[in-house]
Amino acid sequence: MSVSPATLPPVLLHSEAELARAALATPLLSRAVRLARWAGAGTRVGAGGELVEAQLPAAAAELGLDTDDPDAAAYASEAWRIAVDTGLVEVTDAEEEGAEGTVTQGEELALLSSGGPQDVLGIWLGALDTVYADATVPDMENLLDVLEESGEVDFSELGWDPQAEADFLDGVLGNLYLLTVGDAAGGEGPVPLPALAASMIVPDDMGEPTDDVLEQVSDAMMKLDDQFRLFEPLGLVEYQPVDEALMAEIDDAEAAAAEPVPVDDEDVTRYGMVRLTPLGLYGIRARMLEAGVDAPAVGELADKGADVLLEGTSGFPQAAAQAEIEQWLVRHQPLDAARELLAAARGGDEGAPLRRLRCQQALSLVGGEAEPALREVLDDPELGGLARVWLTEQGAADVPAPSEALVFWLTIDTLAAQLAAEGNSDELQGLVEGLAQQHSGFFATAWRVEHPATADVLEAMGRLHPDKKVAKEARKAAFKARSQQGL
């Protein structure tokens, strides 16, 4: 599986116990388990392990399905295939061609009651592999049409490239994973199907999509609609399918050569909406890891040193960094944690400001027991400023006032960290405007600050400030800072 970033944002997974319970509750796996427990020596299967047609009504009845429903046999057959593929049942192939195989309960079935959450999730992942394979094969109706015409299947005639189909689905689910783990709100909102299809088809640098590109997006949507319908019963996604009435409207419009039906915000949901479930996040991440993709999860740094924690969370979104730090702090005594964090936050390298920002974030979660560690660094040129901020916020007494030099150094350090964390964000622009407004002589002093990032920060302020006069002052100050540093 391939996704764009070399390292993905970390995902906050539910506990394995919660995920295992969710897996067992999914319609497809729960049906497979019921059929596995129902199966026995009298269960009739074909040479390929499939339930014979005469056996399907009984299997459907066991699942509580309406045997008059034309889809009941298909649901039973699908659940049986999952049971076979995941080892919930064992099928012994017939020794003679045309004969039926024999069925026994598989070892994996016992693991569902005697094993742990990892065993359950392993079985669920096996079911995911089966459904994944089903989602990338050609439409069966097309296959049957070709078979009737030629007696054999030439996949090239179908325009079907197995690897291309797998890569497309990998890319779609990878993008959906990115949208979920990269969302500050934890991926709470579903993704419109047109947007997901367009993310795979429309080039980033394309302005107005051409008719050909729009047609490709439409075809991709229809393909994804079929695929997500397959994945939903396994609990990978929550899916609102494309509105069938909408498809009829589109067909009527095309038949009448009319103008396309306009789409407004309320119409978007009619084109399909999808979101990964917590179980889906787990499943897609597992496939990524198997493919060699670096897909971190929150909690993996909990047993590491503070240096690894601060460095590792530097590139995390804010919410993920907070969750990771909280798990790390659980394993440490407050005073020891504070001392270790402060030691790891030191440095004049390019990543140091962001480490100190994460250190501040971590220290904000530590109680008053950490106060001695903060007082120990009050005279430290790199940590004295953040120590004073922490002590003041804690309501500590006898906090020494910072010198002007320390205030300016801390300001540059904070801006450098924000710039590294968020780039030219609206929040940073607001901070820049506030600083320039509150301190009329800010740039006259700031360029003298002996901080490795002074020039870069002043240049950024010149880019971000909307007032041309102030922006010019910032650029002049940046030039002076570079001259002072000999750059």
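Residues numbered from 1 in each chain as written. Predicted model: local features only at pLDDT ≥ 70, side-chain atom pairs only at ≥ 80, totals over all residues. Heavy atoms only, no water.

## Section: the packing of helix H6 (residues 117-135) against helix H12 (residues 278-290)
No. 1: Contact geometry of H6 with H12 gives a least axis separation of 11 Å together with a crossing angle of 75°. Accordingly, the angle class assigned to the pair H6 and H12 is roughly perpendicular. Between H6, through Leu-121, Trp-124, Leu-125, Leu-128, Asp-129 and Tyr-132, and H12, the contact on the second element is made entirely by Leu-279, Tyr-282, Gly-283, Ala-286 and Arg-287. (Axes fitted to C-alpha atoms, helices over the stretch in contact; angles between N-to-C directions. Helix = DSSP H or I, 4+ residues; strand = E, 2+ residues; numbered from the N terminus. Parallel < 35°, antiparallel > 145°, perpendicular 65-115°, else oblique. Contact = heavy atoms within 4.5 Å.)

## Description of the packing of aromatic side chains
No. 1: Throughout the structure, instances matching the rule amount to four aromatic pairs.
No. 2: Between the aromatic rings of Tyr-132 and Phe-231, the centroid separation amounts to 5.8 Å while the plane-to-plane angle is 55°, which identifies the pairing as tilted. Of this pair, Tyr-132 sits in helix H6 while Phe-231 sits in helix H10 (residues 211-231); the two residues are 99 residues apart in sequence, bridging distant segments of the chain.
No. 3: Relative accessible area serves as the criterion here: at 0%, Phe-231 is assigned to the buried category.
No. 4: Geometrically, the ring pair formed by Phe-442 and Phe-443 is edge-to-face, given 5.4 Å between the ring centres and 85° between the ring planes. Both residues of the pair, Phe-442 and Phe-443, belong to the buried class. (Phe/Tyr/Trp six-rings, centres within 6.5 Å; stacked < 30°, edge-to-face > 60°. Buried < 20%, exposed > 50% of the residue type's maximum accessible area, 1.4 Å probe, protein only.)

## Quick notes on empty space enclosed by the protein
No. 1: Here the structure, examined in full by the defined rule, presents two cavities of 30 Å³ or more.
No. 2: Lining of the largest cavity is provided by Pro-353, Arg-356, Leu-357, Gln-360, Leu-386, Leu-410, Asp-413, Thr-414 and Ala-417.
No. 3: Of all elements in the fold, only helix H16 (352-363) and helix H19 (404-422) reach the threshold of two or more residues within the lining of the largest cavity.
No. 4: Of the residues that constitute the lining of the largest cavity, the class distribution is five nonpolar, two polar and two charged.
No. 5: The calculated volume of the second largest cavity comes to roughly 30 Å³. (1 Å grid on protein atoms, 1.4 Å probe; cavity = no way out; pocket = protein on both sides within 12 Å on 5 of 7 lines; lining within 4 Å. Points joined across faces, edges and corners; volume = space filled by probe spheres on them. Nonpolar A, V, L, I, M, F, W, Y, C, P; charged D, E, K, R; others polar.)

## Regarding the pattern of salt bridges
No. 1: With the rule as written, the count across this model stands at 18 salt bridges.
No. 2: Measuring nitrogen to oxygen at the nearest pair gives 3.1 Å for the salt bridge that ties Asp-243 to Arg-270. Of this pair, Asp-243 sits in the loop between strand S4 (237-240) and helix H11 (244-255) while Arg-270 sits in the loop between H11 and strand S5 (273-276), and the two are 27 residues apart along the sequence.
No. 3: Taken together, the salt bridges that share partners define one network made up of Arg-81, Asp-85 and Asp-134. (Salt bridge = Lys/Arg side-chain N within 4 Å of Asp/Glu carboxyl O.)

## Focus: the environment of Glu-244
No. 1: With respect to the helices and strands, the residue Glu-244 is situated in helix H11.
No. 2: The class of Glu-244 is exposed, set by a relative accessible area of 61%.
No. 3: Placed 26 residues apart in sequence, Glu-244 and Arg-270 show a C-alpha to C-alpha distance of 8.7 Å.

## Notes on unusual backbone geometry
No. 1: Its identity is not glycine, yet Asp-398 carries a phi of approximately 55°, on the positive side.
No. 2: By the element assignment, Asp-398 lies in the loop between helix H18 (384-393) and H19.

## Overview of the sheet that holds S4
No. 1: One open sheet accounts for three strands, arranged S3-S5-S4; its pairing is antiparallel. At either margin of the open sheet sits one strand with a lone partner, and together these are strand S3 (191-192) and S4.
No. 2: By the bridge criterion, four bridges tie S4 to S5 in an arrangement that is antiparallel. When the bridges of S5 are listed, Gln-240 appears paired with Met-273. (Pairing = 2+ DSSP bridges.)

## Comments concerning the environment of Ala-323
No. 1: Among the structural elements, Ala-323 can be located in helix H14 (residues 318-330).
No. 2: Residue Ala-323 is classed as buried on the basis of its relative accessible area, which comes to 11%.
No. 3: In sequence terms Ala-323 and Gly-299 are 24 residues apart; their C-alpha atoms lie 7.9 Å from each other.
No. 4: With sequence-adjacent residues up to four places away left out, Ala-323 is seen in contact with Leu-12 and Val-298.

## Observations concerning a positive patch on the surface
No. 1: Side chains of Arg-448, Lys-472, Arg-475, Lys-476 and Lys-480 sit close together on the surface and give a patch of like positive charge.
No. 2: Among the secondary structure elements, Arg-448 is positioned in the loop between helix H21 (442-446) and helix H22 (454-464). (Patch = residues over 30% accessible without salt bridge, like charges linked within 9 Å, V, L, I, M, F, W, Y side chains within 5 Å. Areas by Shrake-Rupley, 256 points an atom, 1.4 Å probe, with all protein chains shown as cover. Lys, Arg positive; Asp, Glu negative; His and termini not counted. Charge placed at Lys NZ, Arg CZ, Asp CG, Glu CD.)

## Overview of the side chain of Ser-314
No. 1: Examined against the element boundaries, Ser-314 turns out to sit in the loop between helix H13 (306-312) and H14.
No. 2: Separated by 2.8 Å, the side chain of Ser-314 and the backbone oxygen of Leu-310 make a polar contact. (Polar contact = N/O pair within 3.5 Å; in protein donor to acceptor, adjacent residues only side chain to side chain.)

## Quick notes on the side chain of Thr-454
No. 1: You can see Thr-454 is positioned in helix H22.
No. 2: According to the relative accessible area criterion, Thr-454 is buried, its value standing at 0%.
No. 3: Polar side-chain contacts of Thr-454 include one of 2.9 Å to the backbone oxygen of Val-449.
No. 4: For Thr-454, the contacting residues outside a window of four places in its chain are Ile-412, Ala-446, Trp-447, Val-449, Ala-481 and Gln-485.

## Comments concerning a negative patch on the surface
No. 1: Taken together, the side chains of Asp-66, Asp-68, Asp-69 and Asp-71 make up a negatively charged region of the molecular surface.
No. 2: By secondary structure assignment, the location of Asp-69 is in the loop between helix H3 (56-62) and helix H4 (72-85).
No. 3: The partly exposed category is assigned to Asp-69, whose relative accessible area is 31%.

## What about H18?
No. 1: With respect to burial, H18 is a largely interior element, seven of its 10 residues being buried.
No. 2: Those residues of H18 that fall on the buried side of the exposure criterion are Gly-384, Gly-385, Leu-386, Ala-387, Arg-388, Trp-390 and Leu-391.
No. 3: Tucked inside the fold, the buried residues of H18 contact helix H15 (334-345), H16, helix H17 (371-375) and H19.
No. 4: A positive phi of about 75° marks Gly-395, the residue just after H18.

## Focus on the packing of H19 against H22
No. 1: Where H19 meets H22, the axes come as close as 9 Å, and the angle between the chain directions of the two elements is 65°. One way to sum up the angle between H19 and H22 is to call them roughly perpendicular. Taken as a pair, H19 and H22 cross one another with a handedness that is left-handed. Of H22, the residues touching H19 (which contributes Ile-412, Leu-415, Ala-416 and Leu-419) are Thr-454, Asp-456, Val-457, Ala-460, Met-461 and Arg-463.
No. 2: Per-class residue counts for the contact of H19 with H22 are seven nonpolar, one polar and two charged. (Left-handed = near helix turned anticlockwise from the far one by under 90°.)

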